[in-house]
Amino acid sequence: SPKGDSMTYWVKDSSLYNQEYLKMSVGYQDLDSANQLQWSTDTVELSYLFEEGERGRIDTVSLNTNLSGNLDLNKKIRLAHPYPVSRLDTNRMRLERMQKDSVLGRAGFQTNRVEDELRFFELSAGWKPETTYRLQLLPGAMKTIYPVHHDTLTVQSKTRAEDYYGSLNVEPAGVDSLFILQLVKSSGEEEEVIREKYREDMKEGVVSFNYLHPDKYLLKIIFDRNGNKKWDTGDYLEHQQPEKVRYNPEEINIRANWDYDLEWNVGKEEK
């Protein structure tokens, strides 16, 4: 998983996944009596957990999307399949846009696999404001590693007006290294990343966040020491500290149809 705290293993061999029990060996590092790391191995036995009469052959499944209510102008439609997807058949996919005469016409789109995710694809297009779109996926549009099929998926949504959104333009002054700039919302100890940009997203020294919902946000910068575009916790054995993080001290209030310009004197990363 992205947080590194769990693993999903998909068994493709039917002679294995049709067994009642699966046995495997798991190797891991632990400390010996001298407090030194050593490799240990345990045997694990897994069994299926089904209610009585529930287990059976699954031939047809349903797809899911992240669409709910309005479609944001900078949003991608995420397509989710219950099983790992091997490929998309775009000939079985259709995106339509409502024309002025209330007739649906074909619209172009692009698809890409979500990084480090086997079950998800994203669909993007040049969304137009205040326009209704309809997406349809016919059976066979998403091919998986298993012999299962999905039902037809039809979803419809409408984009918002451009003047509903606000924007934030940040000039991170003084920073001389790779960085990740995050717009976040905080609720207690929980922090939600709304949007993030990287050093290469700067144009003429400014990083822009467009099509933001009117709300209050916090601005956060991560000094991306190794350039992998994520915050690293460090490595105790390698004596590496976690990557440095700083917050802009002011809460940012984004208003509809308004550009918020901010010069933030971030400074250099402290060694």
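Values in this document were obtained by computation on a predicted structure and should not be read as measured data.

A.B. asks: Explain the overall build of the protein chain to me, using residue names and the numbers behind them.
C.D. replies: Secondary structure assignment for the protein chain yields one helix and 22 strands. A compact globule built from 271 residues should have a C-alpha radius of gyration of about 18 Å, whereas the protein chain, at 24 Å, is more than 25% larger. The buried share of the protein chain, taken over its 271 residues, is 32%. Considering only residue pairs separated by 6 or more positions, the protein chain has 62% of its internal contacts joining residues 24 or more positions apart. With an accessible surface of roughly 18,300 Å², the protein chain has 44% of that area assigned to carbon and sulfur atoms. Taken together, the 36 basic and 46 acidic charged side chains of the protein chain have centroids lying 8 Å from each other.

A.B. asks: Let's hear about the environment of lysine 128: which residues, and what values?
C.D. replies: Along the chain, lysine 128 falls in the loop between strand E10 (120-124) and strand E11 (132-137). When its relative accessible area of 41% is taken as the criterion, lysine 128 is described as partly exposed. Sequence separation between lysine 128 and histidine 150 is 22 residues, and the spatial gap between their C-alpha atoms is 30 Å. Discounting residues that sit within four places of it in the chain, lysine 128 has contacts with Leu73, Arg97, Tyr133 and Thr159.

A.B. asks: Any chance you could break down the packing of aromatic side chains for me, citing the residues and the numbers?
C.D. replies: The tally for this structure, following the rule as stated, stands at seven aromatic pairs. Ring plane angle 55 degrees and centroid distance 6.5 Å describe the contact between tryptophan 10 and tyrosine 146, whose orientation is recorded as tilted. Of the two residues, tryptophan 10 is situated in the segment before helix H1 (14-17) and tyrosine 146 in the loop between strand E12 (142-144) and strand E13 (149-150); the sequence distance between them amounts to 136 residues. Assessed through its relative accessible area of 27%, tryptophan 10 is described here as partly exposed. For tyrosine 146, a relative accessible area of 15% puts it in the buried group. Here tyrosine 83 and tyrosine 146 contribute two aromatic rings whose centre-to-centre distance is 5.5 Å and whose plane-to-plane angle is 85 degrees, an arrangement assigned as edge-to-face. With tyrosine 83 in the loop between strand E5 (77-80) and strand E6 (85-88) and tyrosine 146 in the loop between E12 and E13, this pair connects stretches of sequence that are 63 residues apart. With relative accessibility at 19%, the residue tyrosine 83 sits in the buried group. Three or more aromatic residues link up through ring pairs in this structure, and these residues are Trp10, Tyr17, Tyr83 and Tyr146.

A.B. asks: Could you give an account of a nonpolar patch on the surface, with specific residues and numbers?
C.D. replies: There is a patch of nonpolar side chains on the surface, built from Met24, Val26, Tyr28, Trp39 and Leu46 and spanning about 490 Å² of accessible area. Counting residues per element, the ones that place at least two in the nonpolar patch are strand E1 (21-31) and strand E2 (37-47). The greatest single-element share of the nonpolar patch, amounting to three residues, is contributed by E1. Among the secondary structure elements, tryptophan 39 is positioned in strand E2. Judged by its relative accessible area of 64%, tryptophan 39 falls in the exposed class.

A.B. asks: An account of the pattern of salt bridges is needed here, citing residue identities and associated values.
C.D. replies: Tallied over the entire structure, the rule returns 10 salt bridges. With a closest N to O distance of 3.4 Å, arginine 78 and glutamate 122 form a salt bridge. Taken together, the residues span a long stretch of sequence, with arginine 78 in strand E5 and glutamate 122 in strand E10 at a distance of 44 residues. Between lysine 220 and glutamate 191 there is a salt bridge whose closest N-O contact spans 2.8 Å. In this pair, lysine 220 sits in strand E19 (residues 215-223) while glutamate 191 sits in strand E17 (residues 190-198), placing the two residues 29 residues apart along the sequence. Exposure remark for lysine 220: the relative accessible area of 11% places this residue in the buried category. Taken together, the shared-partner salt bridges in this structure form one network comprising Lys76, Arg78 and Glu122.

Thresholds applied
- Residues numbered from 1 in each chain as written.
- Predicted model: local features only at pLDDT ≥ 70, side-chain atom pairs only at ≥ 80, totals over all residues.
- Heavy atoms only, no water.
- Helix = DSSP H or I, 4+ residues; strand = E, 2+ residues; numbered from the N terminus.
- Rg over C-alpha atoms; globule rule 2.2 N^0.38 Å.
- Buried < 20%, exposed > 50% of the residue type's maximum accessible area, 1.4 Å probe, protein only.
- Contact = heavy atoms within 4.5 Å.
- Areas by Shrake-Rupley, 256 points an atom, 1.4 Å probe, with all protein chains shown as cover.
- Lys, Arg positive; Asp, Glu negative; His and termini not counted.
- Charge placed at Lys NZ, Arg CZ, Asp CG, Glu CD.
- Phe/Tyr/Trp six-rings, centres within 6.5 Å; stacked < 30°, edge-to-face > 60°.
- Patch = residues over 30% accessible without salt bridge, like charges linked within 9 Å, V, L, I, M, F, W, Y side chains within 5 Å.
- Salt bridge = Lys/Arg side-chain N within 4 Å of Asp/Glu carboxyl O.

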